[in-house]
Every structure is written in C-alpha cells, then in structure tokens.
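For reference, the chains in residue letters:
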Amino acid sequence: MLAFSMLTGCSFAEAESNEETNPVKTVAEKPIKKNTEVYVPNPQVTDDRELKKAGDSFSDDKGELTLKAVKEVNKTFNLDGIEYKIKDLKLLHFIPNYSLIDFFHPYTHDEEFDFVKIGVEVKNHSSESYHFGPVAMVNINDRIHKTWEDDFYLEELHGEILAGQKKQGNLGFIVEELEDLEKVEILSGDLVDKDKKKIGEPINLVVTFD
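Residues numbered from 1 in each chain as written. Predicted model: local features only at pLDDT ≥ 70, side-chain atom pairs only at ≥ 80, totals over all residues. Heavy atoms only, no water.

Side note on the environment of E111
- Note on placement: E111 falls in the loop between α2 (101–104) and β4 (113–124).
- Residues E111 and Y98 lie 13 residues apart in sequence; the distance between their C-alpha atoms is 8.5 Å.
- Non-local contacts of E111, meaning those with residues more than four positions away in its chain, are made with I95, P96 and I101. (Helix = DSSP H or I, 4+ residues; strand = E, 2+ residues; numbered from the N terminus. Contact = heavy atoms within 4.5 Å.)

Thoughts on the packing of aromatic side chains
- For the structure on display, the rule yields 14 aromatic pairs.
- Ring geometry for Y84 versus F132: centroids 5.3 Å apart, planes at 75°, classification edge-to-face. Residue Y84 is found in strand β3 (residues 82–96), and its partner F132 is found in strand β5 (residues 130–132); the two are separated by 48 residues along the sequence.
- Relative to F104, the ring of F94 has its centre 6.0 Å away and its plane inclined at 75°; by these criteria the two rings are edge-to-face. Of this pair, F94 sits in strand β3 while F104 is found in helix α2, placing the two residues 10 residues apart along the sequence. Just as F94 is buried, F104 falls in that class too.
- An aromatic cluster of three or more residues is present, and its members are F94, F103, F104, Y107, F113, F115, F152 and Y153. (Phe/Tyr/Trp six-rings, centres within 6.5 Å; stacked < 30°, edge-to-face > 60°. Buried < 20%, exposed > 50% of the residue type's maximum accessible area, 1.4 Å probe, protein only.)

A word on the sheet that holds β5
- Within the open sheet, the 4 strands sit side by side as β8-β5-β11-β12. Their pairing is antiparallel. Whereas interior strands pair on both sides, the edge strands pair on one side only; in this sheet they are β8 (159–161) and β12 (198–200). Averaged over all pairs of adjacent strands, the angle between their axes in this sheet comes to 40°, without regard to strand direction.
- Alignment of β5 against β8, held across 3 bridges, turns out to be antiparallel. Opposite F132, over in β8, you have G159 as the bridge partner. (Pairing = 2+ DSSP bridges. Axes fitted to C-alpha atoms, helices over the stretch in contact; angles between N-to-C directions.)

As for the side chain of T66
- Take T66: it is sitting in strand β2 (residues 63–79).
- One polar contact links T66 to S57, side chain to side chain, over a distance of 2.8 Å.
- Contacts of T66, omitting those with residues within four sequence positions, involve L51, G55, D56, S57, L91, L92 and H93. (Polar contact = N/O pair within 3.5 Å; in protein donor to acceptor, adjacent residues only side chain to side chain.)

Considerations on the pairing of strand β6 (residues 137–140)
- As judged from the 4 bridges shared by β6 and strand β7 (residues 144–147), these two strands associate in the antiparallel manner. Each bridged residue has a counterpart across the sheet, and for V138 the counterpart in β7 is K146.
- With antiparallel pairing between neighbouring strands as the criterion, β6 and β7 make up a hairpin whose turn holds 3 residues, including N141 at a positive phi of roughly 55°.
- For β6 and strand β10 (residues 183–187), the ladder comprises 4 bridges, and the chain directions are antiparallel. Across the sheet, N139 pairs through a bridge with E185, a residue of β10.

Just distances and angles here, no functional claims.
Here it is as structure tokens:
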C-alpha cells in the first residue's frame, strides 16, 4: 500500500508538472462540430443505408429489405433561396414484419412488395418562409404514376419550410410487377410564399438507369 501510495504520488506530481508546461485543453475549450447529417430511423421501414449493391439484404425488427437497383443522383436545384437536392433513387423489395401489415394495407394488400425510394434534401437559405413539396408526382418506367399522397414514409417533407430550416429524408412509392427500374421522372411541387402566391415553377428531373 505504501509503495502504491508513493507511486501514485509521484505520478500525480509528474502530471501536475506536465500540466504547468503543457496545459491540457478542457473539453469545453474544444470546438464542437454540429452533426447536420443525423439519421432518423423511419418507424415503418428497415434502414437501407448499408445496402450498397443489388442483392444486398438487411433485416431488423421492422422486416427484411433487399436492394434491387440504385442510382446516385446528387442533383441540386435552386429556387429563390430554396436549395433542393435529389440525392438518390433505389428500387427495394420489402417483407414487413407481421406487426406492420395493417399499416401498409392502405397502400397494398400484398404481404411483400417492391417500392421506389427517393432521397431528398431541402434547405431554405432565405429570410422568408415558404411552402414546398419536394416530390409532387412520380412517373416510373413511363407507365406507373404516383403522387405525393402515395408516399408511405410519411416524414413530413412537404409543407412549410421556415427561414433557415433544413429538411432531409425519403419518400417511398409501392410499385407492382416491376422487374427492372429503367426510368424515373420526378416533378416537384410549386414554390409558394406565405400569402399562397406561386413564386417558383416546379422542378422536373428525369433519371435513367443503365
């Protein structure tokens, strides 16, 4: 015990000496980098972030998700201070957990299904608040037509976006009898100010899959 106390005392004295010559920064002094890319899990759908190539699968308590096709888009548009980015498009096959079957009944009666997922990001760089919908309509392979009301991710990406606010997330649209994803056409909503006046035309983007 005596030897341990002496050793501890020496170490402590050494540490004090080092601190005098080389002061250690406290945690409070270090700059804290704010993470603006925090992932918020969707309550209905399995996380697909680790699915990188066709055939990759992942299971959790929400179900089993398999990636069938993916396209990195990363296309950015600017509308009167609104920065709108379409990040990626994915075709996924989902087998939801039995506890979620009732949630999906308004969208499909199948117990497993394919869906097209669109990843988006919207930033309001202006000092005004607007109303904007990142995806108003989707045309898939020139034969499957969906509107924002068919989105089952329900991440509240449509509607008011306040000055300085950023929204990011996904929209998902269930599709039937889709073996290959060849083309996706996306039409955004109008940009509308607080007086419900249209101040920006909708964005139209066509993405083709090789």
